Amino acid sequence: MSSNSEIPKHQLHYHIVPPKGLLNDPNGLIQYNGLYHVFFQWNQHGTVHKNKSWGHATSKDLLHWEYHEPALEPDEWYDKDGVYSGSAVSVQNRLYLFYTGNVRSVDGSRESYQCLAVSEDGFQFEKKGPLFKHPVGYTKHVRDPKVWQDKEGIWWMVVGAQRDDLSGDAILYQSTDLLDWKFKGSLMEEELFLGYMWECPDILHFEEKDVFVFSPQGLETNEKQFQNIYQTGYITGKFASTGKFIQDKKSFRELDKGFEFYAPQSFIDENGRIISFGWVGVMYPEVEAAVPTRKDGWLHALSIPREITYTDGILKQQPVTELEKIRQPNPKVIHDFTKQVIELPSLQSELLIDWENSPTDFSLIIREDVLLEYIHETRRFMVSRTNWLTQEREEREVRLEKGLENIRLFLESSLIELFINDGEEVFTLRYFIEEESRQLSVSKAEKKENRMIQVYELEL
Ligand code: FRU
């Protein structure tokens, strides 16, 4: 794609972005009647966190998205201050959306209602209102219902919550008809204290394991962990037919080591793949207020769709294979890149870097701002960028026990998704630079190493 001065410089091309206003969590992900439906938290009226409705986009191929009228707007007594996050299922060709109705009173107190809306075609929704009473023992921070059906045909709903003692939790409901829901208490077999509120819970089912993914708020920064405002991560275990999640061990692993990834949701498509989108993303309010795209009237994006697999206690995330279809022919291939500067063919590019043996050290500077650095001795992999508010450098890092084997990087003019070692570690980040730079600088290669970089231009 040639550079075009008419296109705002931070525009994204192959990510889902709000047509205008602010986007946050992915909602109601489903493949229904031959179309992928992605709903998203959307403030159509401005770039602040207010007036949340469900925006709506559909696609046949997970690449080309068509935007529609909002599916659900905050227009009932039980959702007047926000149609908050939730999920979708389909039964007998009907689409059921479960969401949280957010209500604020004049005195500042809040109510939350877990609600249902039904559709016969995936585009027109009829609201059915709240499904059950607020659970005892929990504050009004109860939201983000995720519904699924088990092999016996029973429906389950996991909801993010805060206990009366102000600790985070997830609670569970059970149903046979999606209308009548029975409260089953806390999801966790053993209490797990992690922060003050768990948002966007989701349970992923693999043959050998179940994985509970959630977004806890209030984790304390700990050395190199939990450095963002809020985190997203998972614990592995088994979801028992009693409705309890029996965790393997009390370790919480962050899903994405970058700066902004938050509130992901998964769904199973018709090919049986577990696909997830996340919000890119969550930021400290003052950093969010300074995002340059606000001048152009829009804010935030969803991640590219990622296929999620499980191996040896770890969730791997990889871009769905469909994304290979937007690679343009004739990638740039570089074998010897001792002190090389490579010109990116486009600001929409995919980079593939492969090593036959783990490299000694490696670094790559993207567009004179984002630095990827690997130090083999300590196995540390670091990503740093310039913060667009403070203009200071900030860094995230991870330890790669088995060394660095490969990198796959999806670049846009203001967003990067970096998949390391076949998606065992992922860094997602926004970056905003004012220059038109297309430079990639590879350094620290002292001799010709056994590696190769391929750069594909991406175009829809
Ligand atoms: C997560 C979240 C959800 C809530 C939604 C509101 O980012 O706070 O818990 O439903 O966003 O937009």
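Just so we're clear, the structure is a prediction, and the values are computed from it rather than from any experiment. (Residues numbered from 1 in each chain as written. Predicted model: local features only at pLDDT ≥ 70, side-chain atom pairs only at ≥ 80, totals over all residues. Heavy atoms only, no water.)

*Asks:* Would you explain unusual backbone geometry in this entry?
*Replies:* In terms of backbone geometry, most residues other than glycine have negative phi values and most peptide bonds are trans. Geometrically, the link from valine 280 to glycine 281 is a cis peptide bond, its omega value of -20° lying close to zero. The backbone phi angle of leucine 62 is positive, close to 65°, even though this residue is not glycine. With respect to the helices and strands, the residue leucine 62 is situated in the loop between strand 3 (53-59) and strand 4 (66-72). (Helix = DSSP H or I, 4+ residues; strand = E, 2+ residues; numbered from the N terminus.)

*Asks:* Quick question: what am I supposed to make of the pairing of strand 11 (residues 168-175) here?
*Replies:* Moving residue by residue along a regular strand, the side chains alternate between the two faces of the sheet. With respect to burial, strand 11 is a largely interior element, eight of its eight residues being buried. Because side chains alternate across strand 11, one face comprises the buried residues Gly168, Ala170, Leu172 and Gln174, and the other comprises Asp169, Ile171, Tyr173 and Ser175, equally buried. Pairing of strand 10 (residues 155-163) with strand 11 involves eight bridges; the strand directions are antiparallel. Counted as the bridge partner of tryptophan 155 is serine 175 from strand 11. Taking the residues between adjacent antiparallel strands as the criterion, strand 10 and strand 11 are bridged by four residues, where leucine 166 takes a positive phi near 65°. Examined bridge by bridge, strand 11 and strand 12 (residues 182-186) share four bridges and lie antiparallel to one another. Directly across from isoleucine 171, in strand 12, lies its bridge partner serine 186. Hairpin connection between strand 11 and strand 12: a loop of six residues separates the two successive antiparallel strands, and leucine 178 in this loop has a positive phi of roughly 70°. (Buried < 20%, exposed > 50% of the residue type's maximum accessible area, 1.4 Å probe, protein only. Pairing = 2+ DSSP bridges.)

*Asks:* Please clarify how the site of the ligand should be interpreted in this entry.
*Replies:* Asn24, Asp25, Gln41, Lys52, Tyr84, Ser85, Arg143, Asp144, Glu199, Tyr262 and Trp279 make up every residue found near the ligand. Contact between the ligand and aspartate 25: an oxygen atom at 2.7 Å from a side-chain N or O atom of the residue. Take glutamate 199: an N or O atom from its side chain is 2.8 Å from an oxygen atom of the ligand. In isolation the ligand exposes 320 Å². Once the protein is present, 91% of that is buried. (Near = heavy atom within 4 Å. Polar contact = N/O pair within 3.5 Å; in protein donor to acceptor, adjacent residues only side chain to side chain. Areas by Shrake-Rupley, 256 points an atom, 1.4 Å probe, with all protein chains shown as cover.)

*Asks:* Please clarify how the packing of aromatic side chains should be interpreted in this entry.
*Replies:* Two aromatic rings are characterised by how far apart their centres lie and by the angle between their planes. Per the stated rule, a full pass over the model turns up 28 aromatic pairs. Between tyrosine 14 and phenylalanine 410, the ring centres sit 6.3 Å apart and the planes meet at 65°, which makes this aromatic pair edge-to-face. In this pair, tyrosine 14 sits in the segment before strand 1 (21-32) while phenylalanine 410 sits in strand 31 (residues 406-411), placing the two residues 396 residues apart along the sequence. An identical accessibility class is assigned to tyrosine 14 and phenylalanine 410; each is buried. Their ring planes at 85° and their centres at 4.9 Å tell us that tryptophan 388 and phenylalanine 432 sit as a pair that is edge-to-face. Of the two residues, tryptophan 388 sits in the loop between strand 29 (380-386) and strand 30 (393-399) while phenylalanine 432 sits in the loop between strand 33 (425-430) and strand 34 (439-443), which places them 44 residues apart along the sequence. Through successive ring pairs, a cluster of aromatic residues spans Trp198, Phe212, Phe214, Phe226, Phe245 and Phe252. Across from the ring centre of tyrosine 456, 4.5 Å away, lies the NZ or CZ of arginine 327, which sits over that ring. The ring of phenylalanine 259 carries arginine 385 above its face, with NZ or CZ at 3.9 Å from the centroid. (Phe/Tyr/Trp six-rings, centres within 6.5 Å; stacked < 30°, edge-to-face > 60°. Lys NZ or Arg CZ within 6 Å of the ring centre and 35° of its normal.)

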